[in-house]
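# Survey of secondary and tertiary structure
For reference, the chains in residue letters:
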Amino acid sequence: MMNQARQRIMQFLQLAHCHFRTEGPQIITAHATLLFTEKDISIRRHGKPVRTMPYNRLNLDRLLSLVNAQSVRAPAL
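Below or above, wherever it landed, is the structure these notes cover. Everything quoted here is computed from the prediction, not taken from an experiment.

The residue Ser42 is located in strand β4 (residues 40–45) in this model. According to the relative accessible area criterion, Ser42 is buried, its value standing at 10%. Sequence-distant contacts of Ser42, that is, excluding residues within four places in its chain, are made with Thr33, Leu34, Leu35, Val50, Arg51 and Thr52.

As C-alpha cells, then:
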C-alpha cells in the first residue's frame, strides 16, 4: 500500500507542476516533507504540527493543498 500511495502522490505532484525530490521514504517539496511508513504518511511543514494520514483515508486534493501551501496568504475580509 505504501509504494502505491507514494507513486500516486508523485504522479499527482508532477501533474500539479510541484517541484519535489525524493530521499529514501521521503518526498520533499518547498513547503513540506512527506514521510512514508507502513501505516500512514506524516506531513511535516515549517511552523506547523506534524500531521499523519492513514493510507485508507488518503485524500490527494487535501494532501496537495497542505504540500503546496502558499507562504503569503490574502488578507481576510
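Let's shift gears to the pairing of strand β3 (residues 32–36). Counting buried residues in β3 gives 4 out of 5 residues, a clear majority hidden from the surface. Bridge analysis of strand β2 (residues 26–29) against β3 gives 3 bridges, and the strand direction is antiparallel. Bridging from a neighbouring strand, Gln26 pairs with Leu35 of β3. Of the pairings in the sheet, the one linking β3 to β4 comprises 5 bridges and is antiparallel in character. Counted as the bridge partner of Phe36 is Ile41 from β4. If you look at the hairpin formed by β3 and β4, you'll find 3 residues sitting between the two strands.

Rules used throughout
Residues numbered from 1 in each chain as written. Predicted model: local features only at pLDDT ≥ 70, side-chain atom pairs only at ≥ 80, totals over all residues. Heavy atoms only, no water. Helix = DSSP H or I, 4+ residues; strand = E, 2+ residues; numbered from the N terminus. Buried < 20%, exposed > 50% of the residue type's maximum accessible area, 1.4 Å probe, protein only. Contact = heavy atoms within 4.5 Å. Pairing = 2+ DSSP bridges.

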